[in-house]
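# Observations on the model geometry
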Amino acid sequence: MAASETPRQWLTRTARRGAHWSRLSILAGTGSTLVLLVQAWCIATVAQRMTIDGAVFTSVLVPLVILPFAFVARGALTRARTIAGARAGIEIRQSVRRELLERLAALGPIRVRRQHSATLGNRIWDQVDALQGYYADYRPQMMLCAITPAIIVLAVFPLSWAAGLILLVTGPLIPLNMAMVGLGAKKRQEDQFREMTRMSRHFLDTLRGLSTLRLFNRGKAHAERVHASSENFRRRTMRVLRLAFLSSTVLEFFASVSIALLALYIGFVYLGQFDFGVYGGGLSLFAGLFMLVLAPEYYQPLRDLGTLYHSKAEAEAAAEDLLGLLHQPVAEREGQVPWRASGAVGLRLSGVTARYAGRHEPALKGLELDIRGGETLAVIGPSGAGKSSLLNVLMGFMVLKAGEVTVDDGADPRALGAIDAGDWQRELAWVGQSAVILSGSLGDNLRLAAPDADDNALHDALQQAALGDWLSRLPAGLDTPLGEGGRAVSGGEARRIALARAFLRDARVVLLDEPTASLDSESEALVLQALQRLRHGRTLVVLTHRLELLALADRVLLLEGGERRALDSPAALREAGILRAAARDVIEEAR
């Protein structure tokens, strides 16, 4: 994907993902036009034979029998066209949404956190949904705007070259007007998207800070700000709609005038005022009626395209914003190879320096660290010491400015950067401060770690995480819904569900960020018991401010300012007074 790709080029390239449905939609539309010719022939034939030729009724039986079938066939083809177009839009939107989510996963949490979550949500849902009208309706209609008028003109010209000329001259008036409208439509649509993103961010920030606003009695004042933001969005939306309605009115005017010109010409020919435009034999009732039936349908695709032009402007505005995310470069390491751990994994950090984007001061400065396979390493230090940065480096989310991380499973030591990122992350389990509980059943939440795990494996993991008794009390067991609209889960239960995922994953390296933070003493004791079981046969790296966790650790790493200040067993550090000083720093920091 070229970084210089324009929104229009991207929309065209992306259309290939639903090309088979788009082709079906165009074929159905073309078939509908061909059936229209049959309808016009039937109507004109019946009128000619009954009123002019004075033919017997039996002579019009064939067109009278065909006509209802033609109506039904045209309705079926119109429905098929609508369904095929909708399926094309759905398929492409799903593909784009999947591509965006894959891009977010490839960028990693550090880079994703630079963008407001409301902005990301707006891009993935609202702006991807804005592509539906473009792919479902506008693109197929563009093709039909070339096919349908061409078929009708080819049918009209053999009857009257003047009528065909009127159609050819007046037809371009509609797309010309449409192009002029489009000059302002795209800009207004972009403004609307920006305002919607701003409003989404504002509203989400308000929800997150609702408790603070209530405590400081600022809820009413902030509600007025939200109202002002939503009112601004409403005004911008109404501008877009006003432009769409006005453009539709103008298109209808030009189409009506064009049809009237054709009708006037045919009328004057019948009155004997015009004697040009026909091929010497005059103009029969059949020919005039045939052309008049077709005339509205000649302009209809152009009118439809005009009313759909706002879908194009909306899609281009959305594409311009989506490309900002899709074109963000992902750091790709050359020479990555498949890898699978064959034993306990150790890690060596040699002169590791890492820096967050936009910051001058490194988060880690020349860090030297040897994590032995199968040991539990506790990492302590004040806020900003580099603890979270260390975990981000070990997870492969942070690009090193200098140094190297080497992975050693006792068989084939190699640089972390040379290991396929997916293979490495499959060897990791992660338990954060805020355990993520998704809307879904308990089983669904556990299978995030191991999608193919059976119920026995889930039961075992919950038992290991000290959740066996809790599971037995659930009304539907593993099928109990959690998250939004489901059973409420306490902080301690959520943390142990995250630990159950770690057991279920059976990873070689487990990274834990404050696993007992904000827990009551009972929940903390249960988590500590689970951690005691989890550490067997695995390498654990535990970030903590709580010194109680140090009882589980084989060694303790003290970080300060991104540098290693001490590394030894808990007993040795306690004897040297380092743990006492670290505890005093934590207490002072809390104050």
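Residues numbered from 1 in each chain as written. Predicted model: local features only at pLDDT ≥ 70, side-chain atom pairs only at ≥ 80, totals over all residues. Heavy atoms only, no water.

Where we set the bar: UniProt positions are given in the numbering used here, feature names are shortened, and annotations may be inferred rather than shown by experiment.
The name an unreviewed UniProt entry assigns to the protein is Thiol reductant ABC exporter subunit CydD, from the organism Kushneria aurantia. One UniProt comment on the protein, placed under Subcellular location (unreviewed entry), says "Cell membrane".

### Thoughts on the nonpolar core
Filter applied, for reference: In these notes, a set of buried Ala, Val, Leu, Ile, Met, Phe, Trp, Tyr and Cys residues joined through side-chain atoms within 4.5 Å is what counts as a nonpolar core. The cut-offs for exposure are 20% and 50% of the maximum accessible area for each residue type, with area from a 1.4 Å probe on protein chains only; residues under the lower value are buried, those over the upper are exposed, and the others partly exposed. Contacts are residue-level and defined by heavy atoms, with any inter-residue pair within 4.5 Å sufficient.
Within the largest apolar cluster, 58 residues are counted, with the highest numbers of intra-cluster contacts made by Trp-10, Leu-131 and Leu-294. Beyond its immediate chain neighbours, meaning those up to four positions away, Leu-131 contacts Trp-10, Leu-11, Arg-93, Val-96, Ala-315, Ala-318 and Leu-322. Residues Trp-339, Leu-349, Met-395 and Leu-428 belong to the second largest nonpolar core, which totals 36 residues.

### What to know about the packing of aromatic side chains
Put simply, the rule reads: Aromatic pairs are defined between Phe, Tyr and Trp rings, using the six-membered ring for Trp, whenever the two ring centres lie within 6.5 Å; interplanar angles under 30 degrees are classed as stacked, those over 60 as edge-to-face, and all others as tilted.
Applying the stated criterion to the full structure yields 10 aromatic pairs. Both rings, one in Tyr-265 and one in Phe-274, keep their centres 6.1 Å apart while their planes meet at 25°; by these two values the pair is stacked. Judged by relative accessible area, Tyr-265 falls into the buried class, the value being 4%. Residue Phe-274 is classed as partly exposed on the basis of its relative accessible area, which comes to 29%. Among the aromatic residues, those joined into a cluster by ring pairs are Trp-161, Tyr-265, Phe-268, Phe-274 and Phe-276.

### Overview of the sheet that holds strand S5 (residues 414-415)
Formally: When DSSP finds at least two bridges between two strands, those strands are taken to pair. Every helix listed is a DSSP run of H or I at least four residues long, and every strand listed is a run of E at least two residues long, numbered separately from the N terminus. All axes here are fitted lines through C-alpha atoms, helices being fitted over the stretch that makes contact, and every angle between N-to-C directions spans 0 to 180 degrees.
With antiparallel pairing, the 4 strands of this open sheet are ordered in space as S2-S1-S4-S5. Each edge of the open sheet carries a strand with a single partner, namely strand S2 (364-371) and S5. Both strand S1 (residues 346-354) and S2 contribute to a ladder of 5 bridges, which runs antiparallel. Directly across from Leu-347, in S2, lies its bridge partner Ile-371. Across the sheet, helix H12 (residues 387-395) is in contact with S1, S2 and strand S4 (400-408); its angle to S2 comes to roughly 65°.

### Overview of the side chain of Glu-493
Just so we agree on the cut-off: Just so you know, the count uses Lys and Arg for positive and Asp and Glu for negative, and it drops His and the chain ends. Note on definitions: salt bridges are taken to be side-chain nitrogens of Lys or Arg within 4 Å of carboxyl oxygens of Asp or Glu. Polar contacts here mean pairs of N or O atoms no more than 3.5 Å apart (in protein, one a potential hydrogen donor and the other a potential acceptor; neighbouring residues in sequence count only if both atoms are side-chain atoms).
You can see Glu-493 is positioned in helix H17 (residues 491-505). We note that Glu-493 is buried and unpaired, the nearest opposite charge coming from Arg-496 at a distance of 5.3 Å. In terms of polar contacts, Glu-493 uses its side chain to reach the backbone amide nitrogen of Ser-490, at 3.0 Å. Here Glu-493 is in contact with Leu-467, Trp-470 and Ala-488, once residues within four sequence places are set aside.

### Quick word on unusual backbone geometry
With the exception of glycine, most residues fall at negative phi, and the peptide bonds are largely trans. Even without glycine at this site, Asp-506 takes up a positive phi of about 55°. For Asp-506, the position within the fold is in the loop between H17 and strand S9 (509-513). In this model, Glu-514 sits at a positive phi of 50°, which is unusual for a non-glycine residue. Mapping Glu-514 onto the fold places it in the loop between S9 and helix H18 (521-534).

### Section: the pattern of salt bridges
Applying the stated criterion to the full structure yields 18 salt bridges. Glu-297 is the salt-bridge partner of Arg-74, the closest N and O atoms lying 3.0 Å from each other. Placement of Arg-74 in helix H3 (residues 61-112) and of Glu-297 in helix H10 (residues 285-307) is noted, with a sequence separation of 223 residues between them. Within the structure, one salt-bridge network assembled from shared partners comprises Arg-8, Lys-312 and Glu-316.

### Focus on the packing of helix H2 (residues 19-53) against H10
Helices that pack against each other are described as a pair by the angle of their axes relative to one another and the distance between those axes. To keep things clear, this is the line we draw: For classification purposes, an angle smaller than 35 degrees is called roughly parallel, one larger than 145 roughly antiparallel, one from 65 to 115 roughly perpendicular, and anything else oblique. Left-handed describes a crossing whose near helix is turned anticlockwise from the far helix through less than a right angle; right-handed describes the clockwise counterpart. Under the convention adopted here, Pro, Cys and the residues Ala, Val, Leu, Ile, Met, Phe, Trp and Tyr are nonpolar, Asp, Glu, Lys and Arg are charged, and Gly plus all remaining residues are polar.
Relative orientation of the contacting elements H2 and H10 amounts to 150°, with a least axis distance of 8 Å. It follows that H2 is roughly antiparallel to H10 by the angle criterion. In this structure, H2 meets H10 at a crossing whose hand is right-handed. From H2, Leu-36, Leu-37, Ala-40, Trp-41, Ile-43, Ala-44, Thr-45, Ala-47, Gln-48, Thr-51 and Ile-52 reach across to H10, where they touch Leu-285, Phe-286, Leu-289, Phe-290, Val-293, Leu-294 and Glu-297. In terms of residue class, the contact of H2 with H10 is built from 14 nonpolar, 3 polar and 1 charged.

### Thoughts on the sheet that holds strand S11 (residues 555-560)
Strand order in the open sheet formed by 6 strands is S6-S9-S10-S3-S11-S12, and the pairing between neighbours is mixed. At either end of the open sheet lies a strand with only one pairing partner, and these are strand S6 (428-431) and strand S12 (563-568). The average angle at which neighbouring strand axes cross in this sheet is 15°, direction not considered. Note: S9 against strand S10 (residues 539-543), 5 bridges, orientation parallel. Its bridge partner lying in S10, Asp-513 is registered against Leu-543. Where H17 meets the sheet, it contacts S6 and S9, and its direction lies at approximately 175° from that of S6.

### Describing H2
To keep it simple, the criterion reads: A helix is expected to span 1.5 Å multiplied by its residue count minus one.
The end-to-end C-alpha separation of H2 is 49 Å, in line with the 51 Å expected for 35 residues at 1.5 Å each. Positive phi shows up at Gly-54, right after H2, with a value of about 65°.

### Notes on the packing of helix H15 (residues 455-464) against H17
Closest axis-to-axis distance for the H15/H17 pair is 8 Å, and the angle between their directions is 125°. Comparing the axis directions of H15 and H17 gives the class oblique. Crossing handedness for the pair H15 and H17: right-handed. Only Ala-500, Phe-503 and Leu-504 of H17 make contact with H15, whose side of the interface consists of Ala-457, Leu-458, Ala-461, Leu-462 and Gln-464. Looking at the contact of H15 with H17 residue by residue, the class counts come to 7 nonpolar, 1 polar and no charged.

### Quick look at the pairing of S1
Alignment of S1 against S4, held across 7 bridges, turns out to be antiparallel. Within the sheet, the bridge partner assigned to Leu-347 lies in S4 and is Val-407.

### Concerning the environment of Trp-161
One can find Trp-161 in helix H6 (residues 161-170). Judged by relative accessible area, which is 36%, Trp-161 ranks as partly exposed. In the structure, Trp-161 is positioned 117 residues away from Val-278 in sequence and 6.4 Å away in space, judged by C-alpha atoms. In contact with Trp-161, not counting residues within four places along its chain, are Phe-276, Gly-277, Val-278 and Tyr-279.

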